[in-house]
Amino acid sequence: MAPSISEGRNRRKDNKGKRSREREEGEPEVGRMKALCGFEPTDFSSWPRFRALMNQPRDPAGLGMWRILFGFLMMCDVFQERGMAYVDHRFADPSTCFFPLFDFIRPLSIDWIYVVYLAMLLGAAGMCLGVFYRGSCLLYAVTYWYIFLLDKSIWNNHSYLFGLVALMMILMDANRFWSVDSIFDDSIRNRDVPLWNYALLKTQVFLVYFIAGLKKLDLDWVQGFSMENLSNSWVFDPFRFLGLSNAKIDFFIVHLGGLILDSTAGFLLFFDVTRPIGAFSVTSFHTMNSMLFHIGMFPYVMLVTTLIFFYPDWPKKLLQRFPRAIAARLPSLTPSLPSEHCLYQTRPTGKGATRSHDASQKSSPYHNMGALFFICYIIIQAVLPYSHFLTQGCNNWTNGLYGYSWDMMVHSWNVQHTKLKYVNNETGEEGFLSPDFWAQSKRWKTHADMVKQYTSCVSGHLEEMGIEKPALYLDVWLSMNSRFQQRMWDPHVDIVTADWSPFIATPWMMPLLTDLSDWREKLAQIETQLDLSIDVTFVADFPGLYLENFVDPHLGNTSLQVMNGDIVVQIGDTNTSLSVGDKMKLPAGEFHVVHTVSDTPSCYMYLYVNTTREALQRNVTEFLDRHNLTWNDTELTDKIYDLNLNLSDPEIRVIMQHVMASASRTIAHREVTAWHHIQASVQDKVAMVKGSFMRTWQALNHIVGGGKSVAALILDEMAADEQHEHPFPSARFSDCKLRKLLPRSPGNAQTGNAQPPFCLALRGQHSASGNKGHNSFDHACLAL
């Protein structure tokens, strides 16, 4: 029977009276701000109050569950983004140039590097399981930071975040819930943890989101130039279904949506009322990122960090909802017990009576150090992303230290062309080098500190090869956020002897031509108006400088048109002056030099057609039409075999290679299901883990048992591949890598025995380096 209205009124009066009696008996009334934020302004009025706030007791369940999930993800990260599966790629060649933060940090031999990775894996596993917890966290953090600091060229924001969290975990009491340590130590089992353990993680995640939002106030991001064409991905199909065009998706969803999300995510997750909205937003965001980008464990770590913002006892409440037969067997689901690491306030239970938890109420050095560490850490993390005014030598066209500025995706780079020239200061001999021969990452080209490190490393190698006192001149052309391609470094400065300091702006860096930024919309319009068979490259250069370029023979229809300023095009002994609007055709297979002769920067564009590719596509289409074949034919390959074609004809052979390759891709795309993709992914991961453990065993066998080193085994495997005349290069090692591993005979360019890094001379003693065959703006370069 439903209760009457009078009964409901009486019940409300009873509850009101009960609350009134509790206040009379001394039960403190929670203020509105404390109910909303978890603290009051008075908590910051003095050090004792702040210390008491930071050391308030909290349930250990949420932190323990975070430890388990983060530790597991870091175990996966060891094989993938940390690179245990690719150690034989990165460290097999001792001549490889690395880019450490401090020059005294050097790579160990490849066998000991595997030991470092094994220690990192064991540390992550110990963290996950909560066994020898602090020692495991320390082991993981030390090995992680060694690998991280060893090479700046592979830094990114989330790798830095993982390292920060690893350091935090050393100090946190994250082993008090569901850990091996707590099984054998009753003094920590299900014990309270101080508030600063949770507050530190929450604030760090809040700063990641909020500072990323502030960085996205950059004009390039706000105008939608930072991540153009991302909308082409299938991930954005739901927005296309709503009627949005790709351009609107790029601007409103990617750029504007990213700005709003990063700016508000931390606030939405912090407050109880908005937390469901924040959790849904960041979950959707990171799920999309995991499908859009190859960024390792970062999306999954950020998904896990969302759980930190929920109430600390959420795992217990969730598990208590399980069937009683299961919940009864799970440990530590009861309320947490007092801990000496927390501070407890006495609370009156009646007139003149008090009670307290069974824990000391006197503060200790631990409580002071915990609160002090929280303050210092947060101040450092809030200031560091904006410390570019101190470390000006590490800046390029953008301000901020790469890797820990939280400026994710704000700047996109397109490196079009790199030329590395050497000069023998003893003989005056000069030539060109393959710019990436001794490097494994191409990021070094856009950062002055790494450019300096790389040229110093290359200079040492050249001296070993007989080139005395080499000078190195670097010319890098790139575009930032859809601007013109322009050079970044002064091509007339010897980088080996050039001055560089981390605290002084790099004097040999060319400025970004920001006055030309307004051209971007016009450049986009030009690209959309061109025929699909025509490609275009937009170039801007400084007054008094010149660009030496080589037109690939396959680009039979290449022209140059001036958009701003005045230039002189030199082809052989012929000079042609061009002004705004002028256009000329460039011969394929020849060099030309473009001199900027105006007082202002020149702007011009290359228009080109890959005539070889166009002819091949035309021949393939005619071939299919002649034999009544279509790409959608499920029996295409069988019908082609039945034609009994004359494969001795070179033209027919090229057509067949193209048709069969395209048909194979079409069939694979049509027949491979999602389940096949999952199976393939799992098989790849299993092979990655097995290969890593095999190499680690070989390294340990060499160190402990005196067996062959991993480097020697790699050479044996590659020699076996060559002996069996394998038709394709090894999946792990290119032929170029083999030559780098094999001993080199001393010599220099004068002997005629060209060493691997030298580029093939195309015109007298002049050659050029770059991305071979990319387009008309590239130079042709062969590493002999």
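Remember, it's a predicted structure, so these values are computed and weren't measured experimentally.

Rules and cut-offs
- Residues numbered from 1 in each chain as written.
- Predicted model: local features only at pLDDT ≥ 70, side-chain atom pairs only at ≥ 80, totals over all residues.
- Heavy atoms only, no water.
- Core = buried A, V, L, I, M, F, W, Y, C linked by side-chain atoms within 4.5 Å.
- Buried < 20%, exposed > 50% of the residue type's maximum accessible area, 1.4 Å probe, protein only.
- Contact = heavy atoms within 4.5 Å.
- Helix = DSSP H or I, 4+ residues; strand = E, 2+ residues; numbered from the N terminus.
- Polar contact = N/O pair within 3.5 Å; in protein donor to acceptor, adjacent residues only side chain to side chain.
- Salt bridge = Lys/Arg side-chain N within 4 Å of Asp/Glu carboxyl O.
- Pairing = 2+ DSSP bridges.
- Axes fitted to C-alpha atoms, helices over the stretch in contact; angles between N-to-C directions.
- Parallel < 35°, antiparallel > 145°, perpendicular 65-115°, else oblique.
- Nonpolar A, V, L, I, M, F, W, Y, C, P; charged D, E, K, R; others polar.
- Phe/Tyr/Trp six-rings, centres within 6.5 Å; stacked < 30°, edge-to-face > 60°.

Chemist: I'm lost on the nonpolar core in this one. Help?
Modeler: Generally speaking, nonpolar side chains in soluble globular proteins are found buried as a group. If you look at the biggest cluster of nonpolar residues, it comprises 95 residues, and the most contacted ones within it are Trp 66, Tyr 117, Tyr 140 and Met 169. Setting aside residues no more than four positions away along its own chain, Tyr 117 makes contact with Val 78, Arg 82, Gly 83, Met 84, Val 87, Arg 90, Phe 91 and Ile 147. Counting residues in hydrophobic clusters, the runner-up holds 29 residues, among them Leu 420, Ile 467, Leu 474 and Met 480.

Chemist: Teacher, can you tell me more about the environment of Tyr 422 here?
Modeler: Topologically, Tyr 422 is positioned in strand β5 (residues 413–424). On the basis of relative accessible area, Tyr 422 is assigned to the buried category, the value being 2%. Sequence spacing of Tyr 422 and Ile 467 is 45 residues, and the spatial spacing of their C-alpha atoms is 9.4 Å. At 3.4 Å, the side chain of Tyr 422 and the side chain of Glu 429 are in polar contact.

Chemist: When you look at the pattern of salt bridges in this model, what are you seeing that I'm missing?
Modeler: Proximity of charged atoms lets side chains of opposite charge pair with each other. Inspection of every chain in the model, using the stated rule, returns 23 salt bridges. The closest approach of N and O atoms between Asp 151 and Arg 90, which form a salt bridge, is 3.6 Å. Here Asp 151 is found in the loop between α7 (133–150) and α8 (157–171), whereas its partner Arg 90 is found in helix α5 (residues 87–90), with 61 residues between them in sequence. Here Lys 419 and Glu 548 are joined by a salt bridge, their closest N and O atoms 3.9 Å apart. Here the residue Lys 419 occupies a position in strand β5, and Glu 548 occupies one in strand β10 (residues 546–550), the gap between them amounting to 129 residues.

Chemist: Would you explain the sheet that holds strand β12 (residues 567–571) in this entry?
Modeler: Backbone-to-backbone hydrogen bonds join strands into a sheet, with any given pair of strands oriented parallel or antiparallel. Pairing in this open sheet of four strands is antiparallel, and the strands run β10-β15-β12-β13 from one edge to the other. In this open sheet, the two edge strands, each paired with only one partner strand, are β10 and β13 (574–578). Direction aside, neighbouring strands of the sheet carry axes that sit 20 degrees apart on average. Taken together, the five bridges between β10 and strand β15 (residues 591–596) define a ladder with antiparallel strand orientation. Note that in β15 the partner of Glu 548 across the bridge is Val 593.

Chemist: Would you explain the packing of α8 against helix α18 (residues 365–383) in this entry?
Modeler: Think of two packed helices as two axes; the pair is described by the angle between the axes and how far apart they sit. Following both chains from N to C, one finds α8 and α18 inclined at 170 degrees, their axes separated by 12 Å at the closest point. If you check the angle between α8 and α18, you find them roughly antiparallel. Counting all contacts with α8, which are made through Tyr 160, Leu 164, Met 168 and Leu 171, the residues of α18 involved are Tyr 366, Phe 373, Tyr 377 and Gln 381. Here the residues of the contact of α8 with α18 sort into seven nonpolar, one polar and no charged.

Chemist: What should I look at first to understand the packing of aromatic side chains in this one?
Modeler: Ring pairs (aromatic) are described by centroid distance and by the angle formed between their planes. Summed over all chains, the structure comprises 31 aromatic pairs. Both rings, one in Phe 99 and one in Tyr 454, keep their centres 6.1 Å apart while their planes meet at 35 degrees; by these two values the pair is tilted. Of this pair, Phe 99 sits in the loop between α5 and α6 (110–129) while Tyr 454 sits in helix α19 (residues 448–464), placing them 355 residues apart in sequence. With relative accessibility at 1%, the residue Phe 99 sits in the buried group. The exposure class assigned to Tyr 454 is buried, which follows from its relative accessible area of 0%. Consider the rings of Phe 550 and Phe 591, whose centres lie 5.1 Å apart with planes at 55 degrees: the pair is tilted.

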